[in-house]
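Spelled out, the chains give:
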Amino acid sequence: MSRHRLLAMFKDFDDAFDVVDKIKAKEVSGVEVDDINMMSPIEHPEVDTKLGKRPVNIAYFTLAGAIFGVTFGFFFLSSAQASFLVQPQGGKPVVPLPTNFVLMYEMLIFFAVWTTVICFIFLSGLGQKRGTLYSEKLTVDEIGIVVEIDESELDSVKNFFKNNKALEIREEKV
Amino acid sequence: MSQVIEDKVIDEKLEWSRINADVIASMQAPRKAYWITVFVCLTMFLCAIAAEIYQYKMGLGAAGLNNPHMWDMYIATFVFWIGMSHAGTLLSAILHIIHAQWRKPIYRFAEAMTTFSLMTAGFFPMIHLGRVWNLYWVLPYVSDRGIWPNFRSPLVWDAFAISTYLSSSALFLFIGMIPDMAILRDHTTGWRKKLYGILCLGWRGDDRQWRNFRRTYMLLACFLIPLAISVHSIVSSDFAMSIMPGWHVTTFPPYFVAGALYSGCAAIMTLFVCLRYFFRMEEYMTLNIMEKTTKLTFAIAMVWTYLNLIEFSATWYGHNIYDKEVLIAKATGPYAGVFWTMIFCGMVVPFTLCFQKLRRHMPTMFVISILLNLGMYVERWMIVAPTLAQAHSPHQWDVLWGSVIQWAIVFGSFGWFGLLFLVFVKLFPCVSMYEVKELCFHLKHEIHEEELAKKHAATKAAGKAEEGSGGRAPGTPGLEGA
Amino acid sequence: MSFKNILENFSYYRRDAEDGGHHEYDHRFGMTIDLDICTGCNSCSTACYAENNLAVVGKERFEKGQAMHWMRVERYWDNIEGDYAEEGAKFLPMLCQNCGAATCEPVCPVAATYHTPDGLNAQVYNRCIGSRYCSNNCPFRVRYFNFWSYYEDSWPEPLNMQLNPDLSVRDKGVMEKCTFCIQRIRTAKDKAQREERVMADGDVVTACAQACPTGAIVFGDTMDPDSRVSKLWEKHQVHRGPFLQKKDKTNEEIRGYRIFDELNVDPSILYLERVRDTEV
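Note that this is a predicted model, so its numbers are computed, not measured.

Quick word on the overall build of chain B
Link 1 in the chain: Secondary structure summary: chain B contains 16 helices and zero strands in total.
Link 2 in the chain: For 482 residues, the compact-globule estimate of 2.2 N^0.38 gives 23 Å, and chain B sits close to it at 25 Å.
Link 3 in the chain: C-alpha extents for chain B along the principal axes are approximately 90 × 55 × 45 Å.
Link 4 in the chain: The proportion of buried residues among the 482 residues of chain B is 53%.

A word on the nonpolar core
Link 1 in the chain: B:Leu275 and C:Ile217 are the most contacted members of the largest nonpolar core, which totals 234 residues.
Link 2 in the chain: Here this core takes 19 residues from helix α9 (residues 252-278) of chain B, the largest share from any one element.
Link 3 in the chain: What B:Leu275 contacts, discounting residues up to four positions off in sequence, is B:Phe109, B:Met281, B:Met285, B:Val425 and B:Cys430.
Link 4 in the chain: Ranked by size, the runner-up nonpolar core spans 29 residues in total, among them A:Met9, A:Ala16, A:Phe17 and A:Ile36.

Describing the interface of chain A and chain B
Link 1 in the chain: Each side of the interface is counted separately: chain A has 53 residues, and chain B has 50 residues.
Link 2 in the chain: Those elements that provide at least two residues to the side of chain A that touches chain B are β2 (37-39), α2 (46-51), α3 (58-82) and α4 (97-123) of chain A.
Link 3 in the chain: Looking at which element gives the most residues to the side of chain A that touches chain B, the answer is α4(A), with 15 residues.
Link 4 in the chain: Along the lines of polarity and charge, the residues of the side of chain A that touches chain B split into 28 nonpolar, 14 polar and eleven charged.

What to know about the sheet that holds strand β1 (residues 3-10) of chain A
Residue and element names in this part refer to chain A.
Link 1 in the chain: Strand order in the open sheet formed by four strands is β2-β3-β1-β4, and the pairing between neighbours is antiparallel. Two strands bound the open sheet, and with one partner strand each, they are β2 and β4 (168-173). Strand-to-strand twist of the sheet, defined as the mean angle between neighbouring strand axes without regard to direction, takes the value 20°.
Link 2 in the chain: The pairing of β2 with strand β3 (residues 143-150) spans three bridges and is classified as antiparallel. Along β3, the bridge assignment pairs Asn37 with Val146.
Link 3 in the chain: Of the strands in this sheet, β1, β3 and β4 are in contact with helix α5 (residues 154-163), which crosses β1 at around 5°.

Topic: the packing of α3(A) against α4(A)
Link 1 in the chain: Following both chains from N to C, one finds α3(A) and α4(A) inclined at 145°, their axes separated by 7 Å at the closest point. Helix-helix and strand crossings are classified by hand; for α3(A) and α4(A) the assignment is right-handed.

Quick word on the domain arrangement of chain A
Link 1 in the chain: Examined at the domain level, chain A breaks down into domain 1 (3-55 + 130-173) and domain 2 (58-123).
Link 2 in the chain: In this structure, domain 1 of chain A and domain 2 of chain A have C-alpha centres spaced 46 Å apart.

Some details on the sheet that holds strand β10 (residues 269-272) of chain C
All names here are of chain C.
Link 1 in the chain: Here four strands make up an open sheet; going across it, the order is β8-β1-β10-β9 and the pairing mixed. Both outer strands of the open sheet, β8 (217-221) and β9 (256-257), are each paired with one neighbouring strand and no more.
Link 2 in the chain: Of the strand pairs in this sheet, strand β1 (residues 29-34) and β8 are connected by five bridges, and their pairing is antiparallel. The residue bridging Gly30 from the neighbouring strand is Gly220, located in β8.

Calculation notes
Residues take numbers from 1 onward in each chain, read along the sequence in its written order. For this description, chains carry letters from A and ligands carry numbers from 1, given in the order in which they are written. Residue-level local features of this predicted model are given only where pLDDT is at least 70; pairs of side-chain atoms are given and counted only at 80 or more, and the full residue set underlies all totals for whole chains, interfaces and linings. What counts as a helix is a DSSP run of H or I of at least four residues, what counts as a strand is a run of E of at least two, and both are numbered from the N terminus. Throughout, radius of gyration means the C-alpha value; the globule benchmark is 2.2 Å times the number of residues raised to the power 0.38. Around each residue's C-beta, the other C-beta atoms within 10 Å are counted; 20 or more make the residue buried, 12 or fewer make it exposed, and counts in between make it partly exposed. All C-beta atoms are placed from the backbone. Linking buried Ala, Val, Leu, Ile, Met, Phe, Trp, Tyr and Cys residues through C-beta atoms within 7 Å yields a set, and such a set is a nonpolar core. Note on contacts: residues are paired as contacts if their backbone-placed C-beta atoms lie within 7 Å. Think of it as three bins: nonpolar holds Ala, Val, Leu, Ile, Met, Phe, Trp, Tyr, Cys and Pro, charged holds Asp, Glu, Lys and Arg, and polar takes everything else, Gly as well. The pairing criterion is simple: DSSP has to find at least two bridges between the two strands. Every axis in this analysis is a line fitted to C-alpha atoms, fitted for helices over the stretch in contact. Angles between the N-to-C directions lie between 0 and 180 degrees. Left-handed is the label given to a crossing in which the near helix is rotated counterclockwise from the far helix by less than a right angle, and right-handed is the label when the rotation is clockwise. The domain limits used here are those given by an automatic or database domain assignment.

Take a look at the structure:
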């Protein structure tokens with residue numbers, strides 16, 4: 001039994017949300033609300049409430065990057081200073097803390113920002129191939145709903161979308 | 001009409017497909033003035049290149065520097081460009097965090113301005129080095145001789161701060177552009193399609209991407225605000241960490257940050273007027289947005305004025321003989337004309353922003369924003385030069401106006417910045433399409449809600465029975481005209 | 001392992017000038033310049049040019065302020081108006097003060113200027129990248145920058161034969177300044193080591209001190225209590241270290257002061273005030 005992927009396009013968020021509500025209410029079999037993947041040209045804050053809580057873990061990586069940046073900063077700087085004893089200058093100590101704090105601060109932000117961005121690319125699945133179902137209208141004004149279903153339910157789900165104001169339906173075999 | 005509708009920053013009825021079409025068209029066929037500006041910028045830049053080649057060969061004497069004036073216009077220009085870079089990212093990030101919707105049509109070019117003015121600023125510490133070819137010695141790399149840079153030096157802090165800021169703000173700009181790159185990938189052809197196809201990293205706009213995107217963007221904004229403030233504080237440490245009269249000032253970090261925001265806002269105004277004209281963006285860069293920007297500029301101008309006066313009075317009542325003499329010399333000495341230009345442009349001209357008629361008149365705003373930036377440029381020069389002209393040792397007092405070479409490089413930097421910026425706005429959308437769509441979407445909601453509330457009130461006033469809750473009606477306006 | 005190094009010696013690395021500093025000084029070279037016997041003849045400056053390969057920049061560049069005189073004689077007048085304006089000049093030989101807490105040192109981005117165990121403020125030409133922050137942060141303005149490739153026309157043939165082989169000729173883009181004739185200090189140290197003795201007072205004489213016809217400049221080790229310099233410092237009640245005003249003001253014999261002492265940079269040069277009977 002093969003799996004199929006369906007992309008249904010809708011005119012606006014309201015139509016799409018109606019469909020999501022109906023799926024939640026189990027009006028069609030074979031599709032769970034957690035399987036829904038919603039594609040939209042803009043970010044809509046209600047998407048999250050409709051689709052249920054889905055995890056966003058970027059902030060943990062940011063925190064890890066920040067902590068790494070600040071500790072690495074301190075040990076990097078002070079070990080460099082402690083092994084470079086030509087540094088006694090202007091009556092200042094070899095490891096001047098105020099200076100190192102300034103640079104640790106910069107390194108904190110540097111590492112935090114880079115880890116955030118790199119993790120964003122991985123966590124949001126950018127650059128990963130996940131099906132070819134796509135419509136160029138998604139970057140204009142239409143909303144797409146992608147679901148993955150068994151072959152047996154293909155027709156019923158298609159009909160369900162059609163009856164719920166879907167403008168266009170595309171499908172592919174997984 | 002209500003508050004929301006009156007300050008509408010954009011016409012919410014703009015069709016989404018039109019937003020795409022308008023912005024893409026803007027990238028393809030700008031007005032003639034665009035090409036003229038590109039040509040002027042290129043000429044200026046080439047002059048600077050020639051001057052720099054000469055200076056590189058001859059040494060820094062070519063710049064006309066001398067013993068007391070070891071730094072001059074180069075450092076002033078460096079601070080100017082760093083300052084200009086602040087408004088873009090900082091304002092974009094702050095306005096994002098406080099959910100100021102009106103930032104959306106203008107933040108893209110403001111962030112581009114940040115990145116490019118940083119790239120311009122980054123050149124000046126190099127240009128002004130005596131031995132540019134050894135520049136990399138400032139970086140903390142592991143050397144086989146066990147030599148490190150001197151981490152105590154504010155110049156090394158600069159190197160750290162600028163590289164952090166440049167990479168972070170470029171990433172911020174890039175991340176914010178990814179959904180737009182996807183739009184362009186879908187709606188352009190030829191080499192552009194290929195370019196945007198790579199740059200959008202396979203953006204499809206699914207909910208997982210948007211969710212992560214929103215979080216990432218917010219996190220970056222949260223990091224960029226303290227970063228931007230720290231960067232300009234560190235630039236101010238170049239002066240504040242020294243013991244020179246007029247430089248060794250405790251209020252320098254906030255003063256520099258305020259000055260940076262000020263000149264950055266003024267630069268946003270200038271570019272706003274230019275882009276609005278070049279790319280026929282009248283519908284997106286509306287007068288209401290301009291008005292909000294000018295109000296912000298005015299507020300920051302007043303902060304800067306206050307900090308400036310604080311600095312003067314602290315020096316005056318501090319009775320440090322060296323500091324006081326430098327201050328008096330600024331106002332009455334050979335640099336007095338320049339000093340009073342700064343006071344006029346920086347403290348008096350912003351008051352014109354109080355008049356709504358002027359705020360809504362684009363040519364006037366162009367002139368005023370240029371004047372403000374002139375004031376801010378001169379301010380930086382008035383930090384660097386008078387102190388060196390009249391520092392502790394009276395034997396080494398001297399007044400310097402810089403040589404042709406120096407002026408050519410300074411002017412050329414404007415050409416370089418203009419060139420980078422103009423190429424950017426031709427290659428990438430200067431208005432964020434997806435966010436303008438969001439703006440329209442939310443505005444529609446707000447207006448709808450307000451109308452509902454009004455209807456509600458009307459029915460109440462008529463003494464009719466209240467029915468239902470005041471919450472959102474189920475039939476929120478959809479996205480008509482798809 | 002540097003990580004171990006930090007943990008073990010952290011408190012040592014945190015010592016600053018107030019705690020005696022990181023350095024265990026071998027010497028602290030210093031100078032005394034008696035302004036009372038200085039005649040402003042400029043022979044110190046000339047000697048310095050000859051000893052240290054200082055570039056002769058020419059009239060035009062001198063006027064622009066691009067001269068390289070490590071040792072310069074500054075002139076000041078009490079009254080610049082009146083009948084005898086040209087008379088009564090005061091002279092102040094000004095050279096690098098080799099400050100104990102030098103402001104030029106911490107601002108150098110590449111650590112090209114640092115403090116040696118001899119108490120000297122050293123400048124490493126090879127390391128200098130020419131950011132010129134050191135000069136900007138020097139209240140005495142005694143750091144000189146190679147704005148041009150001076151060597152190209154400074155010593156036309158056969159003058160290049162008189163260059164001192166003990167030290168380099170600097171090209172454009174580096175900062176330089178008075179080193180207290182470090183090449184002479186080096187030589188004297190080596191000599192003392194060969195002869196297996198400690199350096200004595202008088203082993204090192206800087207070019208300016210050697211050339212001064214009136215003997216106004218005295219050079220020596222301020223850490224050696226028997227040196228001439230230390231005795232002068234002692235006599236005029238000036239001490240190394242932070243600025244402390246504990247002087248016997250009633251005694252007219254005490255004329256010692258350090259320039260810009262209130263900036264707390266701990267200069268190594270003691271100036272002795274000029275005394276004139278103004279009635280004459």
